[in-house]
Amino acid sequence: MPHRILALPLGPIQTNCYLVADVEARAAVVIDPGDEAGRVLDVLRKNAWDLQYILLTHAHFDHIGAVAAIAADRRAPLALHPLDMPLLRAGGGARLFGLDIPTPPEPDVLLEAGQVLTCGALTFLVLHVPGHTPGHVAFYCPQAGAVFSGDVLFQDGIGRTDLPGGDYATLMHSLKAVLLQLPPETVVYSGHGPATTLAAEQQGNPFLAD
Ligand SMILES: [Zn+2]
Ligand SMILES: [Zn+2]
């Protein structure tokens, strides 16, 4: 089944928003719409994709800034892990950075580890990977051989753990006991920067060297 993955770096920090679609079913999910809702909605409209879910890896402001506008335009359910609810209600911590974002609605779906969400013939397995934030999740799509890792793992880097709710030991456990248990050829679509693979990071990422 043909699928498409589009990366849209949005907003002042160029946070990666991903649109993942089952092209035949014309069904898509959006992951981490951080800003510039109009660009996301344009892509959905131009492709005539029906939005199935708004998925959040975590509730930092740079990943949720366009949620309010997209949820107002589309009826797609918003999904977040409950441990990031306080962060969502606090505007993603934007005020810490002297910023403000439109208040997102309350989530419709509370995510938990092992849950599977469907979009046409695509499935998204929820992995709970705390450490950057307490309710951080990653979405593994086996049909695409892809994991959407938010701010847990980057090319040559890992998520920061100095923000409220962050914890380094927890993050390392999430990386090694959860994320790196996926097939090594899995493509990693990060919240910031270019895509990579788990194998490349296991070999070259200085934070993952034993
Ligand atoms: Zn973050
Ligand atoms: Zn981020």
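Everything below is about the structure printed above this text.
K.L.:
Can you tell me about helix α5 (residues 168–177), naming the residues and giving the values?
P.N.:
Among all positions in α5, only Leu 171, Met 172, Ser 174 and Leu 175 are buried. Down the axis of α5, the buried set is contained in an arc of 160 degrees. They therefore lie on one face. Turned more than 90 degrees away from the buried face of α5 sit Ala 169 and His 173, all of them exposed. Put simply, Asp 167 is the residue that caps the front of α5, since its side-chain oxygen is 3.5 Å from the backbone nitrogen of Ala 169.

K.L.:
Describe the sheet that holds strand β2 (residues 15–22), naming the residues involved and giving the relevant values.
P.N.:
Ordered in space as β1-β2-β3-β4-β5-β6, the six strands form an open sheet in which the pairing is mixed. In this open sheet, the two strands that pair with only one neighbour each are β1 (3–10) and β6 (109–110). With five bridges connecting them, strand β3 (residues 27–31) and strand β4 (residues 50–55) associate as parallel partners. Bridged to Val 30 within β4 is Ile 54. Across the sheet, helix α1 (residues 37–47) touches β1, β2, β3 and β4, and the angle it forms with β1 is around 155 degrees.

K.L.:
Tell me what's going on with the coordination of the zinc ion (ligand 2), and back it up with residues and numbers.
P.N.:
Surrounding the zinc ion (ligand 2) are the protein donor atoms Asp 62 (OD), His 63 (NE2), Asp 151 (OD) and His 192 (NE2), which sit 2.1 to 2.4 Å from the metal. For the zinc ion (ligand 2), the four donor atoms in the first shell make angles of 88 to 158 degrees at the metal, so the coordination geometry reads as irregular. Linear spacing of the donor residues for the zinc ion (ligand 2) on their chain is D-H-x87-D-x40-H. Separating the zinc ion (ligand 2) from the zinc ion (ligand 1) is a gap of 3.6 Å, which Asp 151 spans by donating to each of them. Of this pair, Asp 62 sits in helix α2 (residues 61–64) while Asp 151 sits in the loop between β10 (146–150) and β11 (153–154), and the two are 89 residues apart along the sequence. One exposure class covers both Asp 62 and Asp 151, and it is buried.

K.L.:
Requested: an account of the packing of aromatic side chains, with residues and values cited.
P.N.:
Each aromatic ring pair is specified by the distance between its two centres and by the angle formed by the two planes. Applying the stated criterion to the full structure yields four aromatic pairs. A ring pair is formed by Tyr 18 and Tyr 189, whose centres lie 5.5 Å apart and whose planes are at 70 degrees; its orientation type is edge-to-face. With Tyr 18 in strand β2 and Tyr 189 in strand β13 (residues 187–190), this residue pair connects regions lying 171 residues apart in the sequence. Across this residue pair, the class does not change: Tyr 18 and Tyr 189 are buried. Measuring from ring centre to ring centre gives 5.2 Å for Phe 148 and Tyr 189, while their planes differ by 20 degrees; the resulting arrangement is stacked. Highlighted residues: Phe 148 in strand β10 and Tyr 189 in strand β13, separated in sequence by 41 residues.

K.L.:
Report on the nonpolar core, specifying residues and quantitative values.
P.N.:
Residues Leu 19, Val 40, Trp 49, Ile 54 and Ile 70 are the most contacted members of the largest nonpolar core, which totals 31 residues. Per-element tally for this core: the top contributor is α1, with five residues. Those residues in contact with Ile 70 that sit more than four places away from it in its chain are Pro 33, Ala 37, Val 40, Leu 41, Leu 51 and Ile 54. Within the second largest apolar cluster, 22 residues are counted, among which are Val 29, Cys 119, Leu 122 and Ala 146.

Here is what the cut-offs are and how they apply
Residues numbered from 1 in each chain as written. Chains lettered and ligands numbered in written order. Predicted model: local features only at pLDDT ≥ 70, side-chain atom pairs only at ≥ 80, totals over all residues. Heavy atoms only, no water. Buried < 20%, exposed > 50% of the residue type's maximum accessible area, 1.4 Å probe, protein only. Helix = DSSP H or I, 4+ residues; strand = E, 2+ residues; numbered from the N terminus. Arc of directions from axis to C-beta. Polar contact = N/O pair within 3.5 Å; in protein donor to acceptor, adjacent residues only side chain to side chain. Pairing = 2+ DSSP bridges. Contact = heavy atoms within 4.5 Å. Axes fitted to C-alpha atoms, helices over the stretch in contact; angles between N-to-C directions. Donors = N, O, S within 2.8 Å, 3.2 Å for Na, K, Ca; no water. Tetrahedral: all angles 85-135°; square planar, octahedral: opposite > 155°, others 65-115°. Phe/Tyr/Trp six-rings, centres within 6.5 Å; stacked < 30°, edge-to-face > 60°. Core = buried A, V, L, I, M, F, W, Y, C linked by side-chain atoms within 4.5 Å.

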